[in-house]
Amino acid sequence: RPYSTQGVTRRLDTGCGKLYLTANFDNDGNIIETFITTGSDGGCLIFTEATSRLISLAIRGGIPVEEVIEQLKSTHPCPSYMMAHATGRKISKGKSCASAIANVLRELQSKVVKKAATSVSDNEKVSTGEKCPNCGSGITHVEGCTSCPECGYSKC
């Protein structure tokens, strides 16, 4: 884990109360860890802590975020979630806490994918996932050369 990361925290309204999902990103904008906490109005602290740890472990272990999302989405419906939905309470999109977490992760991951797609230019600038030896930012391949858009490092 890097010494410092940047992240986003989203509130999720569930059948049991509020959850807060924080996703932290590496320098290339990829999700590298999550933290899930419960609000003061309830929710299962043990579930959220375990889920958060397992999501982070899976991502650090090389499992793509998309696969983690699919596993979370494929869980069964939660009776509390369904009851809240049936009684008209405002709840986050999903059928359970796990699927609501998956929906937020998918939204955050799609922003990363869109950002990566828009950074590919006509001269086929491709991110390599490698780090710049000068500044540590992500480097790209442009017109047969490896370069860093942050500090100007280049190697052909």
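Summarised in this report is the structure supplied together with it. In this text, all values refer to a predicted model and were calculated from it rather than measured experimentally.

**Description of the pairing of strand 2 (residues 18-25)**
Taken across its eight residues, strand 2 has six buried, putting it largely inside the fold. Sheet topology places strand 1 (residues 6-13) next to strand 2; eight bridges connect them, and they run antiparallel. Residue pairing for strand 2: Val8 is matched across the bridge by Ala23. In the sheet, strand 2 pairs with strand 3 (residues 31-38) via seven bridges, with the strands oriented antiparallel. Bridging across to strand 3, Leu21 finds its partner in Ile36. Hairpin connection between strand 2 and strand 3: a loop of five residues separates the two successive antiparallel strands, and Gly29 in this loop has a positive phi of roughly 85°.

**Some words on the pattern of salt bridges**
Per the stated rule, a full pass over the model turns up six salt bridges. The partner of Asp28 in a salt bridge is Lys131, with the nearest N and O atoms 3.2 Å apart. Here Asp28, found in the loop between strand 2 and strand 3, pairs with Lys131, found in strand 4 (residues 126-131); they are 103 residues apart in sequence, far enough to count as distant. For Lys131, a relative accessible area of 42% corresponds to the partly exposed category. Ionic pairing is found between Arg60 and Glu33, a salt bridge with its closest N-O pair at 2.6 Å. Here Arg60, found in helix 1 (residues 45-60), pairs with Glu33, found in strand 3; they are 27 residues apart in sequence, far enough to count as distant.

**Side note on the nonpolar core**
In this structure, Leu21, Ile31, Ile55, Leu72, Ile101 and Leu105 are the most contacted members of the largest nonpolar core, which totals 25 residues. Of all the secondary structure elements, the ones that give two or more residues to this core are strand 2, strand 3, helix 1, helix 2 (65-73), helix 3 (79-86) and helix 4 (97-119). Residues within four places of Leu105 in sequence aside, it is in contact with Leu21, Ile31, Thr34, Ile55, Ile69 and Leu72.

**A look at the sheet that holds strand 1**
Within a beta sheet, neighbouring strands are joined by backbone hydrogen bonds and run either parallel or antiparallel to one another. Reading across from one edge, 1-2-3 is the order of the three strands in this open sheet, with antiparallel pairing throughout. The open sheet has two edge strands, strand 1 and strand 3, and neither has a second partner. Recorded for the sheet is a direction-independent mean angle of 20° between the axes of neighbouring strands. Seen against the sheet, helix 1 touches strand 2 and strand 3 and runs at an angle of roughly 180° to strand 3.

**Concerning helix 2**
Within helix 2 the residues assigned to the buried category are Val65, Val68, Ile69 and Leu72. Buried residues in helix 2, looked at end-on, bunch into an arc of 100°, giving them a common side.

Reading the values: the criteria
- Residues numbered from 1 in each chain as written.
- Predicted model: local features only at pLDDT ≥ 70, side-chain atom pairs only at ≥ 80, totals over all residues.
- Heavy atoms only, no water.
- Buried < 20%, exposed > 50% of the residue type's maximum accessible area, 1.4 Å probe, protein only.
- Helix = DSSP H or I, 4+ residues; strand = E, 2+ residues; numbered from the N terminus.
- Pairing = 2+ DSSP bridges.
- Salt bridge = Lys/Arg side-chain N within 4 Å of Asp/Glu carboxyl O.
- Core = buried A, V, L, I, M, F, W, Y, C linked by side-chain atoms within 4.5 Å.
- Contact = heavy atoms within 4.5 Å.
- Axes fitted to C-alpha atoms, helices over the stretch in contact; angles between N-to-C directions.
- Arc of directions from axis to C-beta.

Nothing here speaks to function; it is geometry throughout.
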